[in-house]
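# A closer look at the structure
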Amino acid sequence: MNWDSAPKGIEALGGHVLLGAYALINIVDHHNAQIYLNHTKLAIFNNLTAEIKPLAKHINETDLADIDFSQFSKTATDPQQFTVANLVKALNK
């Protein structure tokens, strides 16, 4: 679904934007370091809490260029787990 803004009643964050970001990180890892991945279950959907709302607003109103996604790469010096909580932390840096 492509929404210009989340319809009323949507109280969760996740989906095609965040899963797309995760996929791109893994493609870069595979390309740069020949890291192969097995099937992964990723719990990326979260209830829209006060802590997460700034990320949702950022996704809906701007782009994600403010987040350094390289920190989620397995080749990073200190790789961070790809979670909504860590995305919020990255946005606040």
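Right above here is the structure, for reference.
Residues numbered from 1 in each chain as written. Predicted model: local features only at pLDDT ≥ 70, side-chain atom pairs only at ≥ 80, totals over all residues. Heavy atoms only, no water.

### Here we look at the packing of helix α2 (residues 53-61) against helix α3 (residues 84-91)
We count it as follows: What counts as an axis is a line fitted to C-alpha atoms, over the stretch in contact for a helix, and the angles between N-to-C directions run from 0 to 180 degrees. Strands here mean DSSP runs of E at least two residues long; helices mean DSSP runs of H or I at least four residues long; both are numbered from the N terminus. Orientation categories follow fixed angle ranges, with anything under 35 degrees roughly parallel, anything over 145 roughly antiparallel, 65 to 115 roughly perpendicular, and all other angles oblique. The contact definition used throughout considers only heavy atoms, calling two residues in contact when any of these lie within 4.5 Å. Residues are grouped as follows: nonpolar covers Ala, Val, Leu, Ile, Met, Phe, Trp, Tyr, Cys and Pro; charged covers Asp, Glu, Lys and Arg; every other residue, Gly included, is treated as polar.
Between α2 and α3, whose axes approach to 9 Å, the crossing angle comes to 70°. Between α2 and α3, the angle is such that the two are roughly perpendicular. Of α3, the residues touching α2 (which contributes P54, L55 and H58) are V84, L87, V88 and L91. Considering only residue class, the contact of α2 with α3 consists of six nonpolar, one polar and no charged.

### A closer look at helix α1 (residues 16-33)
For clarity, the cut-off: Every helix has an expected span of 1.5 Å times one less than the residues it contains. Three exposure classes are used, based on accessible area relative to the maximum for each residue type with a 1.4 Å probe and protein chains only: buried under 20%, partly exposed in between, and exposed over 50%. By definition, the arc is the one covered by directions from the helix axis to the C-beta atoms.
Taking 1.5 Å as the rise per residue, α1 with 18 residues should run 26 Å; its terminal C-alpha atoms sit 25 Å apart, in good agreement. Every buried residue belonging to α1 is among L18, A21, Y22, I25, N26 and D29, and all of these are buried. Projected down its long axis, α1 shows its buried positions confined to an angular sector of 130°, all on one face. Exposed positions of α1 whose direction lies more than 90 degrees from the buried face are L24, I27 and H31. In the stretch just after α1, Q34 is the one whose phi turns positive, near 55°.

### Points about the packing of aromatic side chains
Our working definition: Centre distance within 6.5 Å is the pairing criterion for rings of Phe, Tyr and Trp, where only the six-membered ring of Trp is used; planes under 30 degrees apart are then read as stacked, over 60 as edge-to-face, and the remainder as tilted.
For the structure on display, the rule yields three aromatic pairs. Relative to F82, the ring of Y22 has its centre 5.3 Å away and its plane inclined at 45°; by these criteria the two rings are tilted. Residue Y22 is found in helix α1, and its partner F82 is found in the loop between α2 and α3; the two are separated by 60 residues along the sequence. Comparing Y22 with F82 shows no difference in burial state: the two are buried.

### A few points about the environment of N92
You can see N92 is positioned in the segment after α3. For N92, a relative accessible area of 58% translates into the label exposed.

### Considerations on the side chain of S73
Looking at where S73 falls in the secondary structure, it is placed in the loop between α2 and α3. Note on S73: relative accessible area 8%, which makes it buried. Among residues more than four places away in sequence, those in contact with S73 are I25, D29 and P79.

### Looking at the nonpolar core
This is how it is decided: Nonpolar cores are built from buried Ala, Val, Leu, Ile, Met, Phe, Trp, Tyr and Cys residues. Side-chain atoms within 4.5 Å join them into one set.
Counting 17 residues, the largest nonpolar core has L55, I67, F69, F72, F82, V84 and L87 as the members making the most contacts within it. Counting residues per element, the ones that place at least two in this core are α1, α2 and α3. Per element, the largest residue contribution to this core is five residues, and it comes from α3. Residues contacting F69, with those up to four places away along its chain left out, are A21, I25, L64, F82 and L87.

Shape descriptors only; they carry no functional weight alone.
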